[in-house]
Amino acid sequence: MGFAATILTLYPEMFPGPLGASLAGRALAEGRWSLDARNIRDFATDRHRTVDDTPAGGGAGMVLRADVVAAAVDSVADGRPLLAMTPRGTPLTQERVRSLAAGPGAIILCGRFEGFDERLFEARPIEAVSIGDYVLSGGEMGALVLLDACIRLLPGVMGAPSSGDEESFESGLLEYPHYTRPYEWEGRTIPEVLRSGDHARIAAWRKLQAETDTRLRRPDLWERHEGARARSPSGARRQTKED
């Protein structure tokens, strides 16, 4: 059985959306993964199909009700990871994406309005996930991002198994810059080392570029990368020799 994604949302018509095209769409058609989008509103119990209510303590907006959302979650819970897309969640990382892609799939809950009644997270084993420090209209776009990141790692989706090995975040660094033809464009040329045919020099150049770009553009990533390297056995040996 392939990677199975279940989406709980107020807008199931948003799926598969872009996941129905390109690599993800082809993999969906081939059965490498499956998608089931369900409407949370179907689990409301009143004749108006109410899914939200005013926030306790006052304030603007509306909050998704714990009882309605829990009923939706319980209808599909089967041991797959339960995720909720919310800006209050833990930032999504490539490491977490890899672990999800290696599993049976995920059940993804898409927030709306002011978010979820907090008791939902106390009562169900739901992992809150964020795709960045900004606010969207709902969790659907975040779910699409998360699924795209997972699907491309599934066996056979990208073609060659090594296709994604050197991409940004796979090694804890940003990816090195890329070039292609023409050799000269608007007075700018491809770095000569990339045309040298010397694979060792090319690998060294790419490693240096990845480290430099990460250090300058994402000092937070660079700090984590350096910390991980220092904690590794090989890193400890290098540090001892340098000391």
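Scroll up to find the structure.
(A) Up close: the nonpolar core. Core analysis: the largest hydrophobic core is formed by 26 residues, its most contacted members being Trp33, Ile108, Leu146, Leu147 and Ile151. For this core, the secondary-structure elements that each account for two or more residues are β1 (3-9), α1 (22-29), β5 (82-91), α3 (94-101), β6 (105-110) and α5 (140-151). The element that contributes the greatest number of residues to this core is α5, accounting for 7 residues. Apart from residues no more than four positions distant in its own chain, leucine 147 is found in contact with Phe3, Ala5, Ile7, Leu19, Leu35 and Ile108.

(B) Local environment of the side chain of arginine 112. Tracing the backbone through its elements, the reader meets arginine 112 in the loop between β6 and α4 (119-123). Judged by relative accessible area, which is 16%, arginine 112 ranks as buried. Only 3.3 Å separates the side chain of arginine 112 from the backbone oxygen of serine 137, close enough to count as a polar contact. Sequence-distant contacts of arginine 112, defined by excluding residues within four places in its chain, comprise Leu10, Tyr11, Met14, Leu64, Ser137, Gly138 and Glu140.

(C) Summary view of the packing of aromatic side chains. A complete count under the given rule lists 1 aromatic pair for this structure. Here phenylalanine 116 and phenylalanine 121 contribute two aromatic rings whose centre-to-centre distance is 5.8 Å and whose plane-to-plane angle is 80 degrees, an arrangement assigned as edge-to-face. Over the ring of tyrosine 183 we find arginine 195; its NZ or CZ atom is 4.1 Å from the centre of that ring. The ring of tryptophan 222 has arginine 215 lying over it, and the distance from NZ or CZ to the ring centre is 5.5 Å.

Basis of the calculations
Sequence order as written defines the numbering, with residues in each chain counted from 1. A pLDDT threshold of at least 70 governs which residues receive local features in this predicted model, and a stricter bar of 80 or more applies before side-chain atom pairs are shown or counted, although totals over entire chains, interfaces and linings include all residues. Heavy atoms throughout the structure, all of them, feed into the side-chain values; hydrogens and water do not. Think of a nonpolar core as a cluster: buried Ala, Val, Leu, Ile, Met, Phe, Trp, Tyr and Cys residues, connected wherever their side-chain atoms sit within 4.5 Å. Buried, partly exposed and exposed residues are distinguished by accessible area as a fraction of the type maximum, computed with a 1.4 Å probe on protein chains only: under 20%, between the cut-offs, and over 50%, respectively. In this description a helix means any DSSP run of H or I spanning at least four residues, a strand means any run of E spanning at least two, and both kinds are numbered starting from the N terminus. Throughout, a residue-residue contact means that at least one pair of heavy atoms, one from each residue, lies within 4.5 Å. Contacts described as polar in this section are N or O atom pairs within 3.5 Å, which, within protein, must combine one atom able to donate a hydrogen with one able to accept it, while residues neighboring in sequence count only if both atoms come from side chains. Paired rings are identified among Phe, Tyr and Trp, the last through its six-membered ring, by centres lying within 6.5 Å, and are further divided according to the angle between planes into stacked (under 30 degrees), edge-to-face (over 60) and tilted (the rest). In our convention, an over-ring charge means Lys NZ or Arg CZ found within 6 Å of a ring centre and within 35 degrees of that ring's normal.

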